[in-house]
Amino acid sequence: MIVADILSRLPVKTLLRFNSVCKLWHYMIHSSLGFQALHYNRSQRKPRFLLQWPDFDFRPLEPIGCRYVYNFIPTDTEGNMFSPIQVKVQEPVKLVLPGCFGLLCLATETRIYVLSPSTRRLLALPYDRSGIAGFGIGYLSSAKRHKIVRLNIPRQSRTSLNCKLDDEKFHTITHPADRTDTPRQWRSPTRHSTQLVELRGHLYMVETLQLSHVEIWRLTNPENSIWSKACTIDIRKISPNFVGELQCVQGTEIIFNSGSRLLLYYDEQKKTFRWKTLPCSAQNLTIYCESLTSLTTSQG
């Protein structure tokens, strides 16, 4: 227990070096789900960002799977950089999405890739000729594995889609300003952008109102659509290009990405701003936590 407690505080790069120390450490690092969960829980206290470098290399004579080469730069929440990650794929990357338990998803026109920034491994999912209309990734705790759901629309019926979900129940969660018992003054501002984000195990709604304020709501009771207002941030003295999507909460500070090279920090207690300069634009920034999750694939 003491060894596991010490090792769980180390970065993944160091743990992979310690893999050959002894059989016990090898089993703990690669096969012990309890140790991996402990390590991930501690990693969540120090999330990392992944920046996509704007340029990429095209190598038409490279073998299949290596024609497009992208560079990603990991940073901590203070903008300190780590070693770049190089990703080689067959087609141009269209989208990078955060996943869960330290995994990210890259999408091209016909293929989804799963990337572990911690171990720097890339897994290509099966090729799909029909094209990918949408997808999502989640963790199924009952099966103790990740699931990726891919939406395909047949080319002959691009305007319509039939989908059948068995034994699934859905209900509507109303917007906090649309409830009848919401004070009138909360209804008035015009909403310019809305973001849903998971923070500290809860669902939050982040709204930019008339480029003057950012309101953050926490869903406290999903069954009754009850939201509680976390805070309101006055951004009238901040350039609109500096305030992007909310990425994470570090201590008392809320961290936003931006359309520039800046990470914007807002301290809830002091009600003050600060910022850090990044090596490239923060617009395509993706958040992740270090994880020992292995990459294997199975159909289902």
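Treat the numbers as computed from the prediction; the structure is a model and nothing was measured.

Thresholds applied
Residues numbered from 1 in each chain as written. Predicted model: local features only at pLDDT ≥ 70, side-chain atom pairs only at ≥ 80, totals over all residues. Heavy atoms only, no water. pLDDT = per-residue confidence, 0-100. Contact = heavy atoms within 4.5 Å. Phe/Tyr/Trp six-rings, centres within 6.5 Å; stacked < 30°, edge-to-face > 60°. Buried < 20%, exposed > 50% of the residue type's maximum accessible area, 1.4 Å probe, protein only. Lys NZ or Arg CZ within 6 Å of the ring centre and 35° of its normal. Helix = DSSP H or I, 4+ residues; strand = E, 2+ residues; numbered from the N terminus. Core = buried A, V, L, I, M, F, W, Y, C linked by side-chain atoms within 4.5 Å. Pairing = 2+ DSSP bridges. Axes fitted to C-alpha atoms, helices over the stretch in contact; angles between N-to-C directions.

Colleague: When you look at the confidence of the model for the chain in this model, what are you seeing that I'm missing?
Modeller: Caution applies to low-pLDDT regions: their predicted coordinates should not be interpreted in detail. In this model, the chain carries a mean pLDDT of 82, and residues with pLDDT of at least 70 account for 86%. Of the regions scoring below 50 in pLDDT, residues 157-166 engages in 7 contacts with residues more than four places distant in sequence or in other chains. Low pLDDT, under 50, characterises residues 180-189; the stretch is placed with 11 contacts to residues that sit more than four places away or in other chains.

Colleague: I keep staring at the packing of aromatic side chains and nothing clicks. Help me out?
Modeller: The description of two aromatic rings rests on the distance between their centres and on the angle between their planes. What the rule picks out here adds up to 6 aromatic pairs. Note on Phe18 and Trp25: the rings are 5.8 Å apart at their centroids and 50° apart in plane angle, and the pair reads as tilted. Accessibility expressed as a relative area gives 26% for Phe18, which makes it partly exposed. An aromatic cluster of three or more residues is present, and its members are Phe56, Phe58, Tyr68 and Tyr70. The ring centre of Phe82 lies 3.8 Å from the NZ or CZ of Arg48, which sits over that ring. Taking NZ or CZ as reference, Arg274 lies 4.1 Å from the ring centre of Tyr265, over its face.

Colleague: In this structure, what is going on with unusual backbone geometry? I would like to understand it.
Modeller: Excluding glycine, a negative phi dihedral is what most residues carry, and trans is how most peptide bonds are arranged. Phi at Ser225 is positive, roughly 55°, even though this residue is not glycine. Structurally, Ser225 can be placed in the loop between strand E12 (213-221) and strand E13 (226-234).

Colleague: So what exactly am I meant to see when it comes to the nonpolar core here?
Modeller: Soluble globular proteins tend to bury their nonpolar side chains together. In terms of nonpolar packing, the biggest core is built from 17 residues, with Val214, Ile216, Ile233, Val243, Leu246, Ile254 and Phe256 touching the most fellow members. Listed in part, the 14 residues of the second largest apolar core include Tyr68, Val96, Leu115 and Tyr288.

Colleague: I would appreciate a short explanation of the sheet that holds strand E17 (residues 272-277) in the present structure.
Modeller: Hydrogen bonds along the backbone pair up the strands of a sheet, which may run parallel or antiparallel. Taken together, the 4 strands give an open sheet; going across it, the order is E14-E15-E16-E17, and neighbouring strands pair in antiparallel fashion. Taken across any chain shown, the strands that pair with only one partner, and hence form the sheet edges, are strand E14 (246-250) and E17. Averaged over all pairs of adjacent strands, the angle between their axes in this sheet comes to 25°, without regard to strand direction. Where E14 meets strand E15 (residues 253-256), 4 bridges bridge the pair, whose relative direction is antiparallel. Within the sheet, the bridge partner assigned to Val249 lies in E15 and is Ile254.

Colleague: Looking at this structure, how should I read the sheet that holds strand E7 (residues 121-124)?
Modeller: Within the open sheet, the 4 strands sit side by side as E4-E5-E6-E7. Their pairing is antiparallel. Each edge of the open sheet is held by one strand with a lone partner, namely strand E4 (95-98) and E7. Taken pair by pair, the neighbouring strands of this sheet meet at an average axis angle of 25°, ignoring direction. The pairing of strand E5 (residues 104-107) with strand E6 (residues 112-116) spans 4 bridges and is classified as antiparallel. When the sheet's bridge partners are listed, Ala107 is paired in E6 with Ile112.

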